[in-house]
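# Observations on the three-dimensional arrangement
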Amino acid sequence: MIYESIKKLVTYALEKGLIEPLDRVWATNRILEALCLDEYEEPDEVFENIDLESTLAEILEYAVGKGLCENSTVCRDLFDTKLMGLLTPPPSAVNKRFEELYAQSPEAATDYFYRFSRDTDYIRTYRVAKDMRWKTATEYGDLDITINLSKPEKDPKAIAAAKNAKQSGYPKCQLCRECEGYAGRVDYPARQNHRIAAIEISGEDWGFQYSPYVYYNEHCIVFNKRHTPMMIDKGAFDKLLGFVTKFPHYFVGSNADLPIVGGSILAHEHFQGGRYVFPMEKAPVETELDFKGFGDVSAGIVRWAMSVIRLRGSDPERISLLAEKILAAWRGYTDEEAFIFAETEGEPHNTVTPIARRRGSDYELDLVLRNNITTEEHPLGVYHPHAELHHIKKENIGLIEVMGLAVLPSRLKSELSALGKAMVSGDEISADPLIAKHAAWADEIRSRHTSLNADNIDEILRSETGQIFAKVLEHAGVFKRTDEGRAAFMRFAEYVDGGL
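The structure presented is a predicted model; accordingly, all values stated were derived computationally and were not measured.

This part is about the packing of aromatic side chains. Summed over all chains, the structure comprises 31 aromatic pairs. Here Tyr-112 and Phe-116 contribute two aromatic rings whose centre-to-centre distance is 5.9 Å and whose plane-to-plane angle is 35 degrees, an arrangement assigned as tilted. Of this pair, Tyr-112 and Phe-116 are both found in helix H6 (residues 106-119), four residues apart, which corresponds to roughly one turn of the helix. Phe-116 carries the same exposure label as Tyr-112, and that label is buried. Measuring from ring centre to ring centre gives 5.7 Å for Tyr-182 and Tyr-188, while their planes differ by 90 degrees; the resulting arrangement is edge-to-face. Since its relative accessible area comes to 17%, Tyr-182 is described here as buried. A residue is classified by how much of its surface remains accessible, and Tyr-188, at 8% relative accessible area, is buried. Taken together, the aromatic side chains of Phe-98, Tyr-102, Tyr-112, Phe-113, Tyr-114, Phe-116, Phe-208, Tyr-210, Phe-243, Phe-247 and Tyr-250 make up a single cluster linked through ring pairs. Sitting over the ring of Phe-47, Lys-8 keeps its end group 5.8 Å from the ring centre. Its end group placed over the ring of Tyr-363, Arg-358 keeps NZ or CZ at 4.0 Å from the ring centre.

Written out as structure tokens, the structure reads:
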């Protein structure tokens, strides 16, 4: 049976164009070597339209049975990535094809590369399909809500193995170019099937790849090929606008460069982009702004849960210059009445989350104002989800969520299911350790939905979860959507012109 599985895997590689017909015997022998087999008899059966997930599962069962692989998710992932790496073309071939197609159009190049990244199983599409996704109507438009189930949880064996494993500084981080082709470890993902497209941004060498977890369509990551820290400045604005010049069908944004309001990897400069229209992009400008000396750049405050200034114009350099001016003003801005402090005890607090896109021939740059100050009342951040929302979302609010897509923890799948059953049956929610954290929320939901039942409870909980996410974004907004908050926002806009 293992021979059939090997033939199916090689056939899959042929079907997807990862190898050519002349490579069939070579590819078969590579897999035999990985499985410690020194002989092979070609099955007579003809296979087609191969299902990769089930084929790899068959080979993994064999490998586990023969002691070639431990029976844990982490070790299985290391082993099947090794197999797919044997069938993945080298970086030179991938880059040559990317460049050929880019000469035709940027879209042709990204279409190829995104399909390739799925075909090699770098993006495990069968896992991504398990993510829960829905939209919730709010006063800010339809927000995207996801419960992330595609990123595997580490099992106890893997955690123990990682603890005992020798620590390594190679690669320096999971964004480094040295990850391409890396075999991985129990504490580091395998990347033998990972390929990077080489691009140039603002005269620097950068890499272009896709996220293996694709939180939205064509979720890409672009990164500096040097391991250099995140920094939001005019150079960052130039790079973002330069990227959408090269790939006008994609947006691109950067996480902020300070803890709490930044991403999970601040040590390596990188952006995230893709081919997706986020709720924030659809949000209109509600208040026009006029900055002295920049009559050629339209500006305004966006009708959004967080505090966003949108810049638009035909000249990316002019947009970048105005963005630099706004950033410089914000870095040093304090408004005690609005509880905005530029720094406390020498620690800076103000930064921005910038997002660039094209609007026809125009450029658009959104600057989301961020502040990472903490207090005794809010030790995780004043402009961070407050404690009453932690039963749904406690983690930092990064770029993706700023734009209106919630990436919620996997625990919510089982918790919302159990909560719904308890609410319908009338069970004591506070007595159940799994869902006790949701008890107060459940009481609020009951007060708003007096006719909830087994038929509507799932939809009600999804909608209510989306409303919680809208509150999460409001908590992260530095200027609140109140009369006082709007007045404070306008004070800052005036300061940009008069305070520098």
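Across the sheet, which stays open at both edges, the ten strands sit in the order E3-E4-E5-E7-E6-E13-E14-E10-E9-E8 with antiparallel pairing between neighbours. Pairing within the sheet leaves two strands with one partner each, and these edge strands are strand E3 (197-201) and strand E8 (285-289). Neighbour-to-neighbour, the strand axes of the sheet open up by a mean angle of 25 degrees, direction not taken into account. Both strand E9 (residues 298-302) and strand E10 (residues 308-313) contribute to a ladder of four bridges, which runs antiparallel. In the sheet register, Ile-301 faces E10, and the bridge partner there is Ile-309.

Time to look at the pairing of strand E5 (residues 220-224). Where burial is concerned, most of E5 is hidden: five out of the five residues are buried. Burial of E5 is two-sided: the residues Cys-220, Val-222 and Asn-224 facing one way and the residues Ile-221 and Phe-223 facing the other way are all buried.

Relative to the helices and strands, Thr-110 is located in helix H6. With a relative accessible area of 0%, Thr-110 lands in the buried category. Not counting residues within four places of it along the chain, the set of residues in contact with Thr-110 comprises Phe-98, Phe-208, Tyr-210, Glu-218, Phe-247, His-249 and Tyr-250.

The next point concerns empty space enclosed by the protein. Evaluated as defined, the whole model comprises one cavity of 30 Å³ or more. Surrounding the largest cavity, Phe-113, Phe-116, Ser-117, Thr-120, Tyr-122, Asn-193, His-194 and Arg-195 form its lining. For the lining of the largest cavity, the residue count by class is three nonpolar, four polar and one charged.

It is worth spelling out the state of the cysteines at this point. By the definition in use, this model includes zero disulfides. Between Cys-75, a free cysteine, and Cys-69, which holds the nearest cysteine sulfur, the sulfur-to-sulfur gap is 5.7 Å. Overall, the relative accessible area of 15% leaves Cys-75 in the buried class. Left without a disulfide partner, Cys-176 is nearest to the cysteine sulfur of Cys-173, which lies 3.7 Å away. Cys-176 gets classed as buried once you look at its relative accessible area, which sits at 4%.

Turning our attention to the sheet that holds strand E1 (residues 132-138). Ordered in space as E1-E2-E15, the three strands form an open sheet in which the pairing is mixed. The sheet is open, and its two edges are formed by E1 and strand E15 (405-408), each paired on a single side. Neighbour-to-neighbour, the strand axes of the sheet open up by a mean angle of 25 degrees, direction not taken into account. Alignment of E1 against strand E2 (residues 141-147), held across seven bridges, turns out to be antiparallel. Across the sheet, the residue bridging to Ala-137 is Asp-142, located in E2.

Here we come to the nonpolar core. Counting 94 residues, the largest nonpolar core has Phe-208, Phe-243, Leu-311, Phe-479 and Phe-492 as the members making the most contacts within it. The element that contributes the greatest number of residues to this core is helix H11 (residues 316-331), accounting for seven residues. If you look at the next biggest cluster of nonpolar residues, it comprises 51 residues, including Ile-355, Leu-399, Leu-419 and Phe-469.

Calculation criteria
- Residues numbered from 1 in each chain as written.
- Predicted model: local features only at pLDDT ≥ 70, side-chain atom pairs only at ≥ 80, totals over all residues.
- Heavy atoms only, no water.
- Phe/Tyr/Trp six-rings, centres within 6.5 Å; stacked < 30°, edge-to-face > 60°.
- Helix = DSSP H or I, 4+ residues; strand = E, 2+ residues; numbered from the N terminus.
- Buried < 20%, exposed > 50% of the residue type's maximum accessible area, 1.4 Å probe, protein only.
- Lys NZ or Arg CZ within 6 Å of the ring centre and 35° of its normal.
- Pairing = 2+ DSSP bridges.
- Axes fitted to C-alpha atoms, helices over the stretch in contact; angles between N-to-C directions.
- Contact = heavy atoms within 4.5 Å.
- 1 Å grid on protein atoms, 1.4 Å probe; cavity = no way out; pocket = protein on both sides within 12 Å on 5 of 7 lines; lining within 4 Å.
- Points joined across faces, edges and corners; volume = space filled by probe spheres on them.
- Nonpolar A, V, L, I, M, F, W, Y, C, P; charged D, E, K, R; others polar.
- Disulfide = S-S within 2.5 Å.
- Core = buried A, V, L, I, M, F, W, Y, C linked by side-chain atoms within 4.5 Å.

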